[in-house]
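Overview (structure and organization)
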Amino acid sequence: MIRIVLIRLFHLVVVLSGILFLSFLLIHLAPGNFLSQMAMNPQVSPDIIRQMKTLYGLDKPFYLQFLDWMAAVLHGNLGYSFSYHLPVIQLLFSRIPLTLLLTVTAVLLSWGMAIPFAVVGASRPDGWLDRSLTAFSYLSISVPSFFLALLGVLLAGATGWFPIGGARSEASVSSGGFAGGFDLIHHLALPALTLALGSFGVLYRLMRSSVLEVRSKPFFAAARARGLSQWILRVRYLFRNALNPLVTVFGMELGGLLSGAAFVEMVYAWPGMGRLMLHAVMTEDLYLVMGGILAGSLMLLLGNLLADAALYLLDPRTREGVTG
Amino acid sequence: MKGRTGKYFRRARLPLAILAIFFVSGLFAEFLAPYRYDSVRFDLSYMPPVWPSVHSGRLEVPVMSVSDPILHRFRQNSGQWVPVRFLCRGEGYRWMGVIRSRLHLFCVDSPGRLSILGLDVFGRDLWSRLLYGIRFSFLLSISAVSLSFLVGVLAGLVAGTGGGWIDQLIMRTGEVFMAIPSLYLLMGIRAVFPPGLSTTEVTLIMTGALAFVGWAGLARVVRGVARSLRQEEFVLAAQAVGVSWWGIWGRHILPNMSYYLLVALTISIPGFIVGEAGLSFLGLGVSEPHPSLGNILAESQSLPAMKAAPWLLLSGAVIVIIVVLFNLLGDRLREPDQNGNAG
């Protein structure tokens, strides 16, 4: 058991250093550095540029620069954002909670919709409910998140039920407590629903086939023969046994969800990581872009770890190292 | 078509046929579109679709002019109709940038303006722009998929058959790529290049970036299949008589996984189409006036634009239709046939 955890941790460290290396490589490949603009100024002598290069270690060989940078990152120093005039880490910390809030709400919504629907839908395969849900999941897989978000804006504009733009309205930023919380939820509803509808399809199809498989197992037939009620059959037998594949793909799902969240944030002007990244790319704020990549990957890796832990709790087979 | 491959394709002929129609219409965009993608009519901004009708015995369209430029209201100029001509000479173009021609499937003489699906803010014809956009999206996705397949298959083969440290190196590298949310990585790659590049440069960068992001998933699939095939007797036999790795890959391993590759190809194309559209939607892809499915949709990002010209959302619908068709194709290829033989 400890061996498995150690191997996983080692993999995690390897992948993390790989990500660090990749993002450093991208910064390095970009034409020029933060001194090139200064170098073009005729009033700054080449000597000063040379001194500053030494000061910031830009004259060192590539691998030494990478090691320096890695050391800085491990100390929580991700560089300085030239467009926001703030340390990158500070900017990231102000945006990550909002992206996490959006993503986690979407996960809860999509799982909350897909699982019960799949359990009920698959109990009558090819019935009207199953057919319409399958058709709907097809649509959900195929509609890109940015298009769905545009349709959401259209809905909000036509009905006026949802506010568009930002996470809080001007009036309620200062008011805390219940009113402020309600305002946040009101702003969150449409973006989270958009994101959840987009990931519903994959989850439904997966859960449906998993439920169908469990239903064909002898233990399920035995439970049915004992005359257990529908409710107990569904909750204790179908739901718990069919959940594993869903937990397993959670990691992959989360990657798509984070990318989707970025699109949704941009259309709904939700002030999260995605909007920050887009602005950083547009203004060539490289350190901020790379900080964003690091933060995004970290969220994804942590999500994967969480899924592994959940699987460990849910499925005794993984505990005995049969599949691990 | 005969044999195994033919059977798979017969089963999937409906989505395949519709996709072929899309692709061919995109390919002949210049001919099927009455106008160039950048042909503007500033006086007809956001004109709604006006369909031709039979008028005095001929197919004609009314000449329109703006009556309220703020609310984008239009009225028919009384008594002014222009005939729709078929296989006519209109705006000159170079087909695929090479063959010079003026032939269009249909056109009308100015001051008339064909508006089958509506016009955008600059009075450019949406129908024409969609055709050009479909071509661009298809060609870019196909080249990005091919590139990512080349890299992915090669990496998967080397990892799967080579084993040992090289396997570890390739698979860990792949994991790094898969541990970064794809849009974040795409934006990171885009950030390396300065903004305001030419369309050709951006196209090349996008192709490269999409392939760069997409190869790892495929490499994993190929590696898995290659590892299991490696244990097969015919591979061991070929190895024993001294066939080179290239020979083993080309003769024994690739042909035996061709079906997996076909399915993997089909189900990965939608990701590339949506990826391209997404980047262009965010303004990181091809820029105006060149159309792609994504940047046409980006024109309707604001609520006023959506209200004035809801037809611009059609480009999103086109993306959805193409993606549905590819998913359907993938499912049809995968699912077992009536006799229960697994696909």
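Summarised in this report is the structure supplied together with it. For every chain, the first residue of its written sequence is number 1, and the numbers climb from 1 along that sequence. All chains are assigned letters beginning with A, and all ligands numbers beginning with 1, in the order in which they are written. This being a predicted model, a pLDDT of at least 70 is required before a residue's local features are given, and a value of 80 or more before pairs of side-chain atoms are given or counted; all residues contribute to the totals for chains, interfaces and linings. Excluded from the side-chain calculations are hydrogens and water; all other atoms, namely the structure's heavy atoms, are used.

Only runs of H or I of at least four residues qualify as helices and only runs of E of at least two qualify as strands under DSSP, and these elements are numbered from the N terminus. Of regular secondary structure, chain B possesses 13 helices and four strands. For chain B, the C-alpha atoms occupy an extent of roughly 85 × 50 × 40 Å along the three principal directions. Across the 343 residues in chain B, those meeting the buried criterion constitute 50%. Residue contacts follow a heavy-atom distance rule, with two residues in contact if any of their heavy atoms lie within 4.5 Å. Relative to all contacts within chain B whose residues are 6 or more apart in sequence, the contacts with residues 24 or more apart total 68%. Each accessible area is a Shrake-Rupley result for a 1.4 Å probe, and residues are judged covered by the shown protein chains and nothing else. Surface accessibility of chain B: about 15700 Å² in total, with carbon and sulfur atoms responsible for 64%. Here's how the labels work: a residue is buried when its accessible area is under 20% of the maximum for its type, exposed when over 50%, partly exposed in between, all with a 1.4 Å probe on protein chains only.

Below, the discussion takes up the overall build of chain A. Along the backbone of chain A there are 15 helices and two strands. The principal-axis extent of the C-alpha atoms belonging to chain A is close to 90 × 55 × 35 Å. The long-range fraction of contacts in chain A, counting pairs at least 24 apart against all pairs at least 6 apart in sequence, stands at 75%. Side chains of chain A give 21 positive and 15 negative charges; the mean places of these two sets differ by 14 Å. Here the positive residues are Lys and Arg and the negative ones are Asp and Glu; neither His nor the chain ends is included. The atom standing in for a charge is NZ when the residue is Lys, CZ when it is Arg, CG when it is Asp and CD when it is Glu.

In this assembly, 44 residues from chain B lie in contact with 46 residues from chain A. Between chain B and chain A, roughly 3800 Å² of surface is buried when both sides are summed, and carbon and sulfur atoms account for 80% of that area. When a carboxyl oxygen of Asp or Glu lies within 4 Å of a side-chain nitrogen of Lys or Arg, that pair is called a salt bridge. Note that Arg-205 of chain A is salt-bridged to Asp-331 of chain B, the shortest N-O span being 2.9 Å. Contacts described as polar in this section are N or O atom pairs within 3.5 Å, which, within protein, must combine one atom able to donate a hydrogen with one able to accept it, while residues neighboring in sequence count only if both atoms come from side chains. Viewed at the interface, chain A and chain B are joined by six residue pairs in polar contact (both at pLDDT 80 or more). Listed by contribution, the elements that provide at least two residues to the side of chain B that touches chain A are helix 5 (164–178), helix 6 (182–192), helix 10 (258–281), helix 12 (303–308) and helix 13 (314–334) of chain B. Once two parts are put together, the accessible area they lose, assessed with a 1.4 Å probe and summed over both, is termed the buried area.

Looking now at the pairing of strand 3 (residues 73–95) of chain B. Residues and elements named next belong to chain B. Whether two strands pair comes down to DSSP finding at least two bridges between them. Relative to strand 3, strand 2 (residues 58–68) is paired through seven bridges, and the arrangement is antiparallel. Counted as the bridge partner of Met-64 is Gln-76 from strand 3. Adjacent in sequence and paired antiparallel, strand 2 and strand 3 are bridged by four residues, among which His-72 carries a positive phi angle near 55°. Sheet topology places strand 3 next to strand 4 (residues 99–108); eight bridges connect them, and they run antiparallel. Residue pairing across strands places Val-84 opposite Val-108, the latter belonging to strand 4. The turn linking strand 3 back onto strand 4 is made up of three residues, and Met-96 within it adopts a positive phi angle of 55°.

Before going further, it helps to spend a moment on the pattern of salt bridges. Any two side chains of opposite charge can pair, given that their charged atoms come close. For the structure on display, the rule yields 16 salt bridges over all chains. When salt bridges with common partners are traced through the structure, they connect Asp-120, Arg-124, Arg-129 and Glu-299 of chain B into a single cluster.

Another aspect to go through is the sheet that holds strand 3 of chain B. Residue and element names in this part refer to chain B. Here four strands make up an open sheet; going across it, the order is 1-2-3-4 and the pairing antiparallel. With partners counted over all chains shown, the strands left at the sheet margins are strand 1 (53–55) and strand 4, one partner each. The sheet shows a mean angle of 55° between the axes of neighbouring strands, taken without regard to direction. Taken together, the three bridges between strand 1 and strand 2 define a ladder with antiparallel strand orientation. Among the inter-strand pairings, His-55 is bridged to a residue of strand 2, identified as Arg-58. To define axes, lines are fitted to C-alpha atoms, for helices over the stretch in contact only, and angles between the resulting N-to-C directions are given on a 0 to 180 degree scale.

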